[in-house]
Amino acid sequence: MKAWLKTISALAAAAVAVVLFRALFFAMYTVSGTRLEPVLMAGDRVLVNRWSYGLRTGGMNGLFGYGRICADSVRVGDIVAFDSPAGGPGGVLVCRCAALPGDTVATPGGQAIVPGKAATCAAEDHYWMQALGPGDSIDSRTLGPVAESLILGRVCLVVYSHDDSQPFYRGYRRWRTLAVPQ
């Protein structure tokens, strides 16, 4: 086999391995906004463990049913990445899990919401996600409880952090790199 063909084959195999690794095991997202300060800051590039709650299955426009392989439960306090629900801003959101299905949650307006039991909420497999920051946070207070099927995984590491309002050489936050969010 010619040397250039071996090189192309090796590069193609490496590209397929990277795509599969990213699709099945880990994904990286950039945090925008101040919803989770001081735990996560705008400009943090976080690594999400897609296996932390089990690998999501299903797809093909509903042809196969939703499920998880090696399923595990979300715990209160976990920092979770999830797809934005219908009617949300779109994209991937990151919030802290504040309540599990069946827990009672008191909102600032005084209304008690019981995921899985009240008429205002959906089925048992919904979680209450809450931001830590002040202001107009996009979380379960505005979106409602988040379905388990939308959860991508647990945020496990801040890989890189950069203040995007600063030039590249000034905005790097050394002290946040490789930090584990708590």
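Just above, that's the structure.
Quantities reported herein were computed from a predicted structural model and do not represent experimental measurements.

**Student:** When you look at the pattern of salt bridges in this model, what are you seeing that I'm missing?
**Tutor:** Pairs can form between side chains of opposite charge once their charged atoms are near each other. What the rule picks out here adds up to three salt bridges. In this structure, arginine 173 engages aspartate 44 in a salt bridge whose closest nitrogen and oxygen atoms are separated by 3.7 Å. Of this pair, arginine 173 sits in the segment after helix H3 (168-171) while aspartate 44 sits in strand S2 (residues 44-49), and the two are 129 residues apart along the sequence. Here arginine 173 and aspartate 44 have matching classes, each one buried. The residue arginine 173 makes a salt bridge to aspartate 163 at a minimum N-O spacing of 4.0 Å. Of this pair, arginine 173 sits in the segment after H3 while aspartate 163 sits in the loop between strand S11 (151-161) and H3; the two residues are ten residues apart in sequence, bridging distant segments of the chain.

**Student:** Where do I start with the environment of glycine 153 in this structure?
**Tutor:** Note that glycine 153 resides in strand S11. A sequence separation of 128 residues divides glycine 153 from phenylalanine 25, and the C-alpha atoms of the two residues are 9.6 Å apart. The residues contacting glycine 153, other than those within four sequence positions of it, are Val48, Asn49, Ser52, Tyr53, Ile79, Val80 and Ala81.

**Student:** Sorry if this is basic, but what is going on with a nonpolar patch on the surface here?
**Tutor:** Together, Val16, Leu20, Phe21, Leu24 and Phe25 line one region of the surface with nonpolar side chains, adding up to about 430 Å² of accessible area. Note that valine 16 resides in helix H1 (residues 3-24). Of the residues examined, valine 16 reaches a relative accessible area of 48% and is grouped as partly exposed.

**Student:** I would appreciate a short explanation of the pairing of strand S6 (residues 92-99) in the present structure.
**Tutor:** Looking down a regular strand, the side chains alternate between one sheet face and the other. Of all the eight residues making up S6, six are buried; the element is thus mostly covered by neighbouring parts of the structure. Bridge analysis of strand S5 (residues 79-83) against S6 gives five bridges, and the strand direction is antiparallel. Residue pairing in the sheet places valine 80 in a bridge with cysteine 95 of S6. In this structure, S6 lies alongside strand S9 (residues 126-130), joined through three bridges in antiparallel fashion. Bridged to cysteine 97 within S9 is methionine 129.

Procedures and definitions
Residues numbered from 1 in each chain as written. Predicted model: local features only at pLDDT ≥ 70, side-chain atom pairs only at ≥ 80, totals over all residues. Heavy atoms only, no water. Salt bridge = Lys/Arg side-chain N within 4 Å of Asp/Glu carboxyl O. Helix = DSSP H or I, 4+ residues; strand = E, 2+ residues; numbered from the N terminus. Buried < 20%, exposed > 50% of the residue type's maximum accessible area, 1.4 Å probe, protein only. Contact = heavy atoms within 4.5 Å. Patch = residues over 30% accessible without salt bridge, like charges linked within 9 Å, V, L, I, M, F, W, Y side chains within 5 Å. Areas by Shrake-Rupley, 256 points an atom, 1.4 Å probe, with all protein chains shown as cover. Pairing = 2+ DSSP bridges.

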